[in-house]
Each structure stands twice: as structure tokens, then as C-alpha cells.
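Survey of secondary and tertiary structure
Each chain is listed here by its residues.
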Amino acid sequence: MERIIFGDNQFFAVNHISDEKSRAQSIKFKDDSAIIKTLDIAIASGINTFMCTTHDRIANICEIIRKDPEKYKDFKIYPCMPYAHKYANAVTDLGIAGTLKQYVPGNFLGSLLKGGVAYLSKDYISIMELLVDAEMKMFKGINTPVIFLQNVITDLLLGLGMDEFLVAFAKYIKEKYNAEPGFITMNLPKLLEVLEKNGISNPIICASINKVNFRMSGGKDLYEKTLSEGRCRIIAMQVLGGGAIPAGEALEYVSNLPNVESILFGASSKQNIENTVETIKYHDQKKKASSIIG
């Protein structure tokens, strides 16, 4: 995985600092062209991986990327699913069976039959597979080497002790999409323990990692201990602690942690993107030089 990964929160008015900034971002990115322009800035800054939800508008972005294969030949997307709001709204409007009918991909009759049987027999793993296929439909023809399960589902399954679903997701992603499964969580130590217990070694996990315990179940000390053991491939997210930590301080902390493979961040301006990339690279070079001297 690349050291620096670009996220999508800013495109869909998700801001942990203020509602005012959320509204401003919503206006700024109301057109798909604004999203593409920002992605192009990230690419020009040396970032070639975009980690995003399966928001409906991402389908438009994928279509733009597909139309210019030469420009985006090295560009990768890490889909994160499910986009919970989409399904919550659909279930409210259409019911569970109606939602399956709405989102089943591929051959309509065959998929509907499979979905109908799965629903009636309560074969929830088959339903999961159908919904993964539905979410992945928008990424056809695009390089998606890692596919993530969103924390809203990962942590729900973790809390309910439904380990078999985590295993089934990992198996399906590998077999159907020839990709690596990833898991987003707010409880890195517990998730890693459960995945290892179920035979998933050295997993890719995206977790909140910051100096102020923001969305870090178990606390910073336990996270640092887990990282020091090198048992998984970590993507650090929410490194600013929801806006509680100055960017320079936050990036210095996470850049110097052991075994953090990638740092995920989102930004809406050219200056913030370039500054973040430069800051991470600065601390990486400083760390490398220090290790050589030491």
C-alpha cells in the first residue's frame, strides 16, 4: 500500500471540526468536476490511491476515470462498504426485499432468484455477497486492490461476536474480486485478536490513530503496544483527533509510530494537500536518517 492515501470525507460534507466547514464543503463539491479537480491535485502531489465510500456520486467519478485510462493508469481506489445511509434509506422506503431488488447486480433474474432464496432462508452471508456485488458494480474496470468493510458493520459484527461474517467477507473479496480484504474499526486491538483467532493473519486494518484517544477503543497505550508488535498492516485515519490536534503535531506523532504502513487524510485545498504530503515525507525522511545514524 502507498504511504499516503487520500480520503473522501470533504467531498460529502463530513467534517469533525465544525458544521460551518461541512456546509462550505458541501457547496464547494456540489459538482463532480470539483471532486475530480481535487483528486488531480492529490495525484500531482504524488498520491495515487483514493479511499472512498460507495456514495452514489462516486459512480460518476469512476465513469470520468474510466473515460481517461491513460491519465489514470496508475490510479487505485479502495472502496469502503457499505455506505450505510444509502441502505438505511432504501430499507425505510422499500423494505428488505425491496432493497435487495433495488441493488442486485448483474443478470436481474438470476440475482433476484438468489436474493429471494437467501432472504427467505435467512442466508445472510449470501445477502452480504449480493450487496458487495452491488456496491462493486460502480468500480468495474478500475483497479481496486483492497476492498474495505466499513466500521459501522465491522464493529457491529465484532460486538455481536459474529466472527463468521468477517471471515466470509474476507473470503468473498479474495475469491470474487482477487483483492485483499480490509477492515475499518474503532477497536483495533479487539478486531486484530478476532481476525487472528479466525485464521486471518497480517490483516489490513484502518483505524483511528492519534494522540488524544479520539475513537480509539482501548486507549492510546494499547494501540501503541499493538502497533509495536507488527501483526497487521495499518492505515491510520482520523490522525487529527477530530480537529483537537494541530496538523503538524498530529502528523509528526503518527509518522513516527512503528508499523503504520499508510496514513489516510482528506483535504479540500491545494495548499492543505501539498502541506500534508510534504510534512509526512519530511518526518519519514527524518525517521529514516535517525535509524541509519542510530
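Refer to the structure printed above.
Rules and cut-offs
- Residues numbered from 1 in each chain as written.
- Predicted model: local features only at pLDDT ≥ 70, side-chain atom pairs only at ≥ 80, totals over all residues.
- Heavy atoms only, no water.
- Helix = DSSP H or I, 4+ residues; strand = E, 2+ residues; numbered from the N terminus.
- Buried < 20%, exposed > 50% of the residue type's maximum accessible area, 1.4 Å probe, protein only.
- Contact = heavy atoms within 4.5 Å.
- Areas by Shrake-Rupley, 256 points an atom, 1.4 Å probe, with all protein chains shown as cover.
- Pairing = 2+ DSSP bridges.
- Right-handed = clockwise from strand over helix to strand, strands pointing away.
- Polar contact = N/O pair within 3.5 Å; in protein donor to acceptor, adjacent residues only side chain to side chain.
- Core = buried A, V, L, I, M, F, W, Y, C linked by side-chain atoms within 4.5 Å.
- Axes fitted to C-alpha atoms, helices over the stretch in contact; angles between N-to-C directions.
- Parallel < 35°, antiparallel > 145°, perpendicular 65-115°, else oblique.
- Left-handed = near helix turned anticlockwise from the far one by under 90°.
- Nonpolar A, V, L, I, M, F, W, Y, C, P; charged D, E, K, R; others polar.
- Salt bridge = Lys/Arg side-chain N within 4 Å of Asp/Glu carboxyl O.
- Phe/Tyr/Trp six-rings, centres within 6.5 Å; stacked < 30°, edge-to-face > 60°.

Turning our eyes to something else, we now look at the overall build of the protein chain. Helices and strands together make up the secondary structure of the protein chain, namely 12 helices and 8 strands. Each of the 294 residues in the protein chain was classed as buried or not, and the buried ones make up 47%. The contacts of the protein chain with a sequence gap of at least 6 include a subset with a gap of at least 24, amounting to 75%. For the protein chain, the exposed area adds up to about 14,400 Å²; of that, 54% sits on carbon and sulfur atoms.

A few words on the pairing of strand E2 (residues 49-53). Most of E2 is tucked away, with 5 of its 5 residues classed as buried. Because side chains alternate across E2, one face comprises the buried residues Thr-49, Met-51 and Thr-53, and the other comprises Phe-50 and Cys-52, equally buried. Sheet topology note: the E2/strand E3 (residues 76-81) ladder contains 5 bridges and is parallel. For Met-51, the partnering residue across the bridge sits in E3 and is Tyr-78. On the question of chirality, the crossover connecting E2 to the parallel E3 by way of helix H3 (residues 56-66) is right-handed.

A few words now on the environment of Ser-255. Inspection of the secondary structure puts Ser-255 in helix H11 (residues 247-255). Spatially, the C-alpha atom of Ser-255 lies 9.3 Å from that of Tyr-282, the residues being 27 residues apart in sequence. Beyond its immediate sequence surroundings of up to four residues, Ser-255 is in contact with Arg-3, Ile-263, Ile-280, His-283, Asp-284 and Lys-287. Here the side chain of Ser-255 touches Leu-251 through a polar contact of 2.6 Å, landing on its backbone oxygen.

Ranked by size, the top nonpolar core spans 68 residues in total, and within it Phe-6, Leu-39, Phe-50, Ile-77, Leu-166, Ile-205 and Ile-209 carry the most contacts. Ranked by residue count, the leading element in this core is helix H8 (residues 163-177), at 7 residues. Setting aside residues no more than four positions away along its own chain, Ile-209 makes contact with Met-216, Tyr-223, Leu-227, Ile-234, Ala-236, Met-237, Gln-238, Val-239, Tyr-253, Val-254 and Leu-257. Ranked by size, the runner-up nonpolar core spans 13 residues in total, among them Val-146, Ile-204, Cys-206 and Leu-264.

Axis separation between helix H2 (residues 32-44) and H3 bottoms out at 10 Å; the angle between their running directions is 60°. Here H2 is positioned oblique relative to H3, judged by the angle of their axes. Here the hand of the crossing between H2 and H3 comes out right-handed. Contact with H2, carried on its side by Asp-32, Ile-35, Ile-36 and Leu-39, involves Arg-57, Asn-60, Ile-61 and Ile-64 of H3 and no other residues of that element. Partitioning the contact of H2 with H3 into residue classes produces 5 nonpolar, 1 polar and 2 charged.

Time to look at the pattern of salt bridges. The full count for this structure, using the stated rule, is 16 salt bridges. Residues Glu-196 and Arg-231 are paired through a salt bridge, measuring 2.7 Å at the closest nitrogen-oxygen approach. On the criterion of sequence distance, the pair formed by Glu-196 in helix H9 (residues 188-197) and Arg-231 in the loop between helix H10 (220-228) and strand E7 (233-237) is long-range, its members being 35 residues apart. When the shortest N-O distance is used, the salt bridge between Lys-225 and Glu-229 registers 2.7 Å. Owing to a relative accessible area of 49%, Lys-225 belongs among the partly exposed residues under this scheme. By relative accessible area, Glu-229 is classed as partly exposed at 34%. Overlapping salt bridges bring together Glu-196, Lys-225, Glu-229 and Arg-231 as one network.

Considering all chains together, one arrives at 9 aromatic pairs under this definition. A ring pair is formed by Tyr-78 and Phe-148, whose centres lie 6.0 Å apart and whose planes are at 45°; its orientation type is tilted. Residue Tyr-78 is located in strand E3, and its partner Phe-148 is located in strand E4 (residues 146-149); the two are separated by 70 residues in the primary sequence. Exposure class is identical for Tyr-78 and Phe-148. Each is buried. Centre to centre, the rings of Tyr-172 and Tyr-177 are 6.3 Å apart; their planes meet at 80°, and the pair counts as edge-to-face. Since its relative accessible area comes to 23%, Tyr-177 is described here as partly exposed. Put simply, the rings of Phe-6, Phe-11, Phe-12, Phe-29, Phe-50 and Phe-265 pair up and form one aromatic cluster.

These figures come from the coordinates and say nothing about function on their own.
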